[in-house]
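Structural characterization, general
Next come the chains, spelled out residue by residue.
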Amino acid sequence: MDLVTQIGVLVLAAFVGFEVISKVPNTLHTPLMSGTNAIHGIVLLGGLLVIGEAVGAHDVLGQIILVIAIAFGTINIVGGFLVTDRMLGMFKRKPEPKTDEGEGS
Amino acid sequence: MSILATSFLQNRHFIDSLYILAVILFILGLRGLAGPRTAVRGNQIAAVGMAIAFVATLLQEGVVPNGHTAILIAVGVIVGTLVGIPAARNVKMTAMPQMVALFNGVGGGAVALIAWAEFRRHFPGAGGDWYTKSMIASLFAAIIGSISFWGSNIAFGKLQEILPGKPIKLPGQQLINLVLLIVCVGSAIAIAAGTHSQALFILGVLVAAGVLGNMVVLPIGGADMPVVISLLNAFTGLSAAATGIALNNFALIVAGTIVGASGSILTNLMAVAMNRSVPSIIAGGFGGGDAAAAGGGGAAGAGAGGTARSTSAQDAAIQLAYARQVVVVPGYGMAVAQAQHAVREMALALERKGVEVKYAIHPVAGRMPGHMNVLLAEADVPYDQLKEMDDINPEFGRTDVSLIIGANDVTNPAANNDPGSPIYGMPILEVAKSQSVIVLKRSMSSGFAGIDNPLFYDPKTAMLFGDAKASVSEITAELSNL
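A brief report on the enclosed structure follows. (Residues numbered from 1 in each chain as written. Chains lettered and ligands numbered in written order. Predicted model: local features only at pLDDT ≥ 70, side-chain atom pairs only at ≥ 80, totals over all residues. Heavy atoms only, no water.)

1. Some words on the overall build of chain A
Regarding its fold elements, chain A presents five helices and zero strands. Mapped in sequence order, the helices and strands of chain A form the string α-α-α-α-α. Burial analysis of chain A (105 residues in total) assigns 58% to the buried set. Put simply, of all contacts in chain A between residues at least 6 apart along the chain, 65% involve residues at least 24 apart. (Helix = DSSP H or I, 4+ residues; strand = E, 2+ residues; numbered from the N terminus. Buried < 20%, exposed > 50% of the residue type's maximum accessible area, 1.4 Å probe, protein only. Contact = heavy atoms within 4.5 Å.)

2. Some details on the pattern of salt bridges
When their charged atoms lie close together, side chains carrying opposite charge are able to pair. Evaluation of the coordinates by the stated rule reveals eight salt bridges over all chains. Residue R120(B) is joined to D59(A) by a salt bridge in which the shortest nitrogen-to-oxygen separation is 2.9 Å. Taken together, the residues R120(B) in helix α5 (residues 96–122) and D59(A) in the loop between α3 (44–56) and α4 (60–89) connect one chain to another. Given the relative accessible area of 14%, D59(A) is considered buried. Salt-bridge contacts for K358(B) lead to E395(B); the nearest nitrogen and oxygen are separated by 2.9 Å. With K358(B) in strand β2 (residues 356–361) and E395(B) in the loop between α17 (389–392) and β4 (401–405), the pair connects residues that are 37 residues apart, well separated along the chain. (Salt bridge = Lys/Arg side-chain N within 4 Å of Asp/Glu carboxyl O.)

3. Observations concerning unusual backbone geometry
Here the phi dihedral of H58(A) falls at roughly 50 degrees; this positive angle occurs in a residue that is not glycine. Residue position: H58(A) is located in the loop between α3 and α4. Look at N248(B): it is not a glycine, yet its phi comes out positive at around 55 degrees. One can find N248(B) in the loop between α9 (225–247) and α10 (250–273).

4. Section: the packing of aromatic side chains
Residue and element names in this part refer to chain B. Inspection of every chain in the model, using the stated rule, returns two aromatic pairs over all chains. Each ring, one from F149 and one from W150, has its centre 5.0 Å from the other, and the planes form 75 degrees; the classification is edge-to-face. On the accessibility criterion, W150 (36% relative accessible area) is partly exposed. (Phe/Tyr/Trp six-rings, centres within 6.5 Å; stacked < 30°, edge-to-face > 60°.)

5. Observations concerning the pairing of strand β5 (residues 436–441) of chain B
All names here are of chain B. The element β5 is largely enclosed, with a buried count of six among its six residues. In terms of strand pairing, β4 meets β5 through five bridges, oriented parallel. What sits directly across from I405, in β5, is L440. Summarising the sheet, β5 and strand β6 (residues 461–465) pair through five bridges and their orientation is parallel. Bridge pairing links K441 to F465 in β6. (Pairing = 2+ DSSP bridges.)

6. So, the sheet that holds β2(B)
Residue and element names in this part refer to chain B. If you walk across this open sheet you meet the six strands as β3-β2-β1-β4-β5-β6, and the pairing is parallel. Of all the strands in the sheet, just β3 (386–388) and β6 have a single pairing partner and so form its edges. Across the sheet, the mean angle from the axis of one strand to that of its neighbour is 25 degrees, orientation sign disregarded. Where helix α19 (residues 468–481) meets the sheet, its contacts fall on β4, β5 and β6, and the angle it forms with β5 comes to roughly 130 degrees. (Axes fitted to C-alpha atoms, helices over the stretch in contact; angles between N-to-C directions.)

7. Quick notes on the nonpolar core
I42(A), I202(B), L320(B), Y359(B), I405(B) and I475(B) are the most contacted members of the largest nonpolar core, which totals 162 residues. The element that contributes the greatest number of residues to this core is α5(B), accounting for 15 residues. Listed in part, the 22 residues of the second largest apolar core include V327(B), V329(B), M426(B) and V439(B). (Core = buried A, V, L, I, M, F, W, Y, C linked by side-chain atoms within 4.5 Å.)

8. Concerning the packing of α4(A) against helix α4 (residues 67–90) of chain B
For any two helices packed against each other, the geometry comes down to the angle between their axes and how far apart the axes lie. With their axes 7 Å apart at the nearest point, α4(A) and α4(B) run at an angle of 35 degrees to one another. You can see that α4(A) and α4(B) cross each other, and the crossing is right-handed. When its residues are assigned to classes, the contact of α4(A) with α4(B) shows 15 nonpolar, nine polar and two charged. (Left-handed = near helix turned anticlockwise from the far one by under 90°. Nonpolar A, V, L, I, M, F, W, Y, C, P; charged D, E, K, R; others polar.)

Right, here's the structure in full:
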C-alpha cells in the first residue's frame, strides 16, 4: 500500500470510529473505553512482524525489546478483553430471585 | 498438496482477507457495545477479530522464519497472558479505572518499544531501503507511545493513591516541558535528517517523551484523571495506527485509527460533562495551577456560609423510613468504601417499607463515566432504577430525602449560582431542591476538585460522618428496628 492509500484508509477508519462510537449510551462508557483499549493492543502484531528480523540480524537487545513489546501487547489484549467482559457481565439482567434472597436475610 | 496448502495460507491476498475480516469484527463488536444487551457479545466478537488478526500475522511469510523466533514469540505471549489474566480477574470493580490506565500504558509501551526496535534494525544498513514515510511514522509512534506509557503509569499511581491525587508542580514546570518537547522533536528531526548517531538520538526521543509524559500528567488533579486516561487511550490508538503505516500493516492502521477516533469522542464527552475543555485540562499540566488556585479562593468564600449539622444513623433511618421517595446519589466515596452491596440492602429494606428508591447517576460521578453504573449493577440494582441526570433533576422537587453517598462536586450548588467557582456552569444533580438531604461522608474535607460545598451548610442538610459502608449498614440495621 502506498502512503496515499494508507492515509485514505486512515481517514475512512476515523469516520467509522466516530459513527460507531457516538451511539454508545453514557452508562456503557467505562466498558467501551476498556474495550477500545483492548483493541489497540493490536500493536502486538507489529512486534510479531519485526521480531524475526531482529533474530536474523543476531541483535540480542532488539530481541529483548521485542519480547517485552510482545508481552506488553498481550497484556493489553488479554487483560483488556477480560476486564471488559467482567464489567459487562454485571450489566446482565438477572432473574428476580435476588429480591427473595434479600427478603430471606 | 501440503505445499499448495501452505502457499495458499501464506498468500498475501488470503492474509489481507483475514485482516479485513478481523477489522469487520472489530467494528461489529464496537457496535455491539452500544447496547447493554449486545455488549457482552460485542466484546467477544472483537476478541475473535483479534485472534484472527493474530493468527493471520503469524501465517504471513517470513514472520516466523525459524524456531528461535517462534520461541521468543511464545515467551512474550505466554508471559503477557500469565500477567494479564490474573490482573484482569482479580482487580476489584472499584479499581477498574486504574486497571484500564495500566492496560493502556502497556499498549503505549509496546508501541514505543517496537519503534525503538525498528530503529535498531535500520541503523547499520542506513541505506535507502527504509522509506522516509516509515521512519517518520515510527518517530511519531515512538514519541506518542512513550508519552502514553509514562502518562498512564502516573494516572495509575494517582488513582491507586500511590501518588498524591493533588496536582504536583515543580517550579519552572512550563520551561521544563518546553525544553523536553524541544529535545524530543529536535532529536526526531536529527534522525530524520540522517545523523550518524541515530542510536543516541532515538534514546533521546524515547526518554524525553517519557519524561514529558510524566511531567504533563503529574500536575493534573486526580479529578481530571478519567479525561487524561481517555485521551491517552486515543493517543495509543493513533500511535498504533502510525506503527501500521511504518510496517505497512492494514489491520494496525484501521484498528488503531478507530480507537483514536473513539477515544477522542469519549474524551470530549467526559470533558463536556465536567464543563471543562480538554485543552484547559491538559493546560493544568503545561500552564499549571489556575484552576487549583481559584478552587482555594472559592472554598474560603463558601466556607464562611455557616456550620454543618451532623446526624446519627438512627435519625437518618427514621427520616428515610417515613419518606415517600428517596433518591440515592452515589459518588466516588461509595466506590472507595465498597458500599454498593450495603446500599442495595438498604434500598431493599426501604422498599419493603413502601419507600420508592431511585438512583441519580451524574455523568462524571466516580472516576469514569459509567463507573457508578458498573458498581451498582454488580450489586444487582435493577437497571431501571438508575436515572441519568436529565431524567432525575425534575424529580428532586418531589423527593423527600436525597441520600448522598460519597458524592460531592457533582451536587455542589456553587456550580449553578456562584460565578466565581471553578466548577461554575457544570451541570449538577439538583439535590438542594429536595425536602431534605443526608450526606454520608468521611469528613468535612472538600471533594476531589478541592472545592468546598455550600450544600453541606444548607439548613436542610444533615451530615452523617463515617465510612460510607459502615454508615449505610448502620442505617439498614436501624431500619429493621423501626
